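Spelled out from the first residue to the last, the chains are:
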Amino acid sequence: MHTTLISAPELKQMLDSALPVQVYDCSADLMNPAAGRAQYQAEHIPDALFTGLDEHLSDKTSPDRASGGRHPLPSRERFATWLGSTGLLSPSTQVVVYDRQNANYCGRLWWMLKWCGHEAVAVLDGGWAAWLAAGGPAESGPGPAPTNGAPAYPLSPARASTASTHGIVQRLGSPGLTLIDARAAARFRGEVEPLDPVAGHIPGALNRPFTDNIGPDGRFKPAAALRTEFEQLLAGHDPASVVHHCGSGVSAIPNLLAMEVAGLGRTALYPGSWSEWCNTKGAPCARV
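Attention here is on the structure that accompanies the text. Note that this is a predicted model, so its numbers are computed, not measured. (Residues numbered from 1 in each chain as written. Predicted model: local features only at pLDDT ≥ 70, side-chain atom pairs only at ≥ 80, totals over all residues. Heavy atoms only, no water.)

## Considerations on the overall build of the protein chain
This is how the line gets drawn: To qualify as a helix, a DSSP run of H or I must reach at least 4 residues; to qualify as a strand, a run of E must reach at least 2; elements of each kind are numbered from the N terminus. When we talk radius of gyration, it's over C-alpha atoms, and the globule rule is simply 2.2 Å times the number of residues to the 0.38. Relative accessibility under 20% of the residue-type maximum defines a buried residue, over 50% an exposed one, and the middle range a partly exposed one, all with a 1.4 Å probe and only protein chains included. In this analysis, two residues are considered to be in contact whenever any of their non-hydrogen atoms come within 4.5 Å of each other. By the counting rule applied here, Lys and Arg register as positive and Asp and Glu as negative, while His and the ends of each chain are not counted. Throughout, a charge is located at the NZ atom of Lys, the CZ atom of Arg, the CG atom of Asp or the CD atom of Glu.
Along the protein chain, the regular secondary structure elements total ten helices and nine strands. A compact globule built from 288 residues would reach a C-alpha radius of gyration of about 19 Å, and the protein chain, at 18 Å, matches this within 12%. Taken along the three principal axes of its C-alpha coordinates, the protein chain extends 50 × 45 × 35 Å. In the protein chain, buried positions account for 51% of the 288 residues. Look at the contacts in the protein chain between residues 6 or more apart in sequence, and 75% of them connect residues 24 or more apart. Side chains of the protein chain give 22 positive and 26 negative charges; the mean places of these two sets differ by 5 Å.

## Topic: helix 8 (residues 223–234)
Rule in force here: A helix is expected to span 1.5 Å multiplied by its residue count minus one. The directions considered for the arc are those from the helix axis to the C-beta atoms.
If you check helix 8, its first and last C-alpha atoms are 16 Å apart, about what twelve residues at 1.5 Å a residue would give, namely 16 Å. Among the residues of helix 8, those classed as buried are Leu226, Phe230 and Leu234. All buried residues of helix 8 lie within an arc of 60° about the axis, which places them on one face of the element. Turned more than 90 degrees away from the buried face of helix 8, the exposed residues are Ala224 and Gln232. Those residues of helix 8 hidden inside the fold are in contact with strand 6 (178–181), strand 7 (206–207), strand 8 (242–245) and helix 9 (253–261).

## Some details on the packing of aromatic side chains
Inclusion rule: Each pair of aromatic rings taken from Phe, Tyr and Trp, with Trp reduced to its six-membered ring, is defined by centres within 6.5 Å and is described as stacked if the planes are under 30 degrees apart, edge-to-face if over 60, and tilted in the remaining cases. The criterion for a charge sitting over a ring is simple: Lys NZ or Arg CZ within 6 Å of the ring centre, and within 35 degrees of the ring normal.
According to the stated counting rule, one finds six aromatic pairs in the structure shown. Here the aromatic rings of Tyr40 and Phe50 are separated by 5.5 Å at their centres, their planes lie at 45°, and the arrangement is tilted. Of the two residues, Tyr40 sits in helix 2 (residues 35–42) while Phe50 sits in strand 3 (residues 49–50), which places them ten residues apart along the sequence. When the centroid spacing of 5.7 Å and the interplanar angle of 20° are considered together, the rings of Trp111 and Trp115 count as stacked. You can see Trp111 and its partner Trp115 sitting in helix 4 (residues 106–115), four residues apart, about one turn around the helix. An identical accessibility class is assigned to Trp111 and Trp115; each is buried. Taken together, the aromatic side chains of Tyr24, Phe79 and Trp82 make up a single cluster linked through ring pairs. Over the face of the ring belonging to Trp128 we find Arg100, whose NZ or CZ atom lies 4.8 Å from the ring centre.

## Here's the deal with the layout of surface pockets
Quick reminder of the rule: With a 1 Å grid laid over protein atoms only, a set of points is called a cavity when a 1.4 Å probe fits there but cannot get out and a pocket when it is open yet has protein on both sides within 12 Å along at least five of seven lines; lining residues have an atom within 4 Å of a point. Grid points are joined across faces, edges and corners, and a volume is the space filled by probe spheres set on the points. Gly falls in the polar group here, along with every residue not listed as nonpolar (Ala, Val, Leu, Ile, Met, Phe, Trp, Tyr, Cys, Pro) or charged (Asp, Glu, Lys, Arg).
The computed volume of the largest pocket comes to approximately 240 Å³. Taken together, the residues of the lining of the largest pocket break down into nine nonpolar, five polar and three charged. Its boundaries defined by the atoms lining it, the second largest pocket holds a volume of some 180 Å³. In terms of lining, the second largest pocket is formed by 13 residues, of which the most central are Ala28, Pro33, Gly52, Leu53 and Asp54. Taken together, the residues of the lining of the second largest pocket break down into five nonpolar, four polar and four charged.

## What about the packing of helix 8 against helix 9?
Describing two packed helices takes the angle between their axes plus the distance from one axis to the other. Threshold: Interaxial angle, 0 to 180 degrees, is taken between N-to-C directions of lines fitted to C-alpha atoms, where a helix line uses only the stretch in contact. Each angle gets one of four labels, with under 35 degrees taken as roughly parallel, over 145 as roughly antiparallel, 65 to 115 as roughly perpendicular, and the rest as oblique. Note on convention: the crossing is left-handed when the near helix lies turned anticlockwise from the far helix by less than a right angle, right-handed when the turn is clockwise.
Between helix 8 and helix 9, the least distance of the axes is 8 Å, while the angle of their chain directions is 115°. If you check the angle between helix 8 and helix 9, you find them roughly perpendicular. Two packed elements cross with a definite hand, and for helix 8 against helix 9 that hand is left-handed. Between helix 8, through Ala223, Leu226, Phe230 and Leu234, and helix 9, the contact on the second element is made entirely by Asn255, Ala258, Met259 and Val261. Here the contact of helix 8 with helix 9 is composed, by residue class, of seven nonpolar, one polar and no charged.

Structural data, given as C-alpha cells:
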C-alpha cells in the first residue's frame, strides 16, 4: 500500500500489471478556473478521472459544508457520494492523485480521502512531468464520466484531523499549538494580498511556503532533508502540536504531506485557513 508518495515508475508498473488502482488528475489554476480541465483534456494518464478544485473538492453552497473559507470542505457524506460516482467503492483500492502544480491541488484530494478514512492513497511524486519522463502513456479527451446513482463510498473514521477557527482562537499563544502558514512569504508578511480582503497572518504563525518541499527535479525533497528543514523551522516545538494552513486549505497540504514523509507524523489542517480567519470578527491579524 502506498500512503504518501508513489514514483512514476511504480505507478506505471502497477498499471501495466493491471493491479487495482484508481487515478485522479487534479490539475488546477486559482487564477484561471478553466485551466485545469483544459490541461486534463489535452493530455492525461489513461483512464484518470478529472477532479476539479471548485467542482468536486469544495462546496460553496450546501448548508452542511464542513468548513468556511474560499474553498469550503463538502460534508464527508456529500464527498462520499461523489467518490462512489467515480467508481471508488472499496477502502482497499489504491488511489493515486497527481497534478501539474507541485502537488498544490492533488494534495487536497489526498488529504480528503484520508479524512474519509481511505488510507490507500498516494501523491504521484513529480506529477505529470515525472509521468512523461518515465515514459508513461498519455491520452486526450474528456475522460471517464461519473456514474449518477452509484453507491456512495463507505465512510470510516477519519484518518486526518482538523482545527477550527474557534479552537485556534482559544489556543492561540499556547505551547500546545504551532501554526505553519504555507503561503508565499510576501503574502504571509502582509505586503501583498491578491485573494482575500485582509493582508497578514495569524499571530505567532511560522511561514514555510509549500514550494519549499519540492526539489529542483520537481519531486519532493528526500525525507532526511525535509526532516532537517522542519526541525529547524519548529525550533523545538512538538511536531504533534502543528496545525497547517494557507489561504483556503489547499496549498497547506504539501507541508502536511512533507512532514509525514519526513517521519514527523500526520499533523492537523485548518481547512478554512486565512480566508476564514481574516473574515472572522475579532480574530487577531498580524503583519511583519
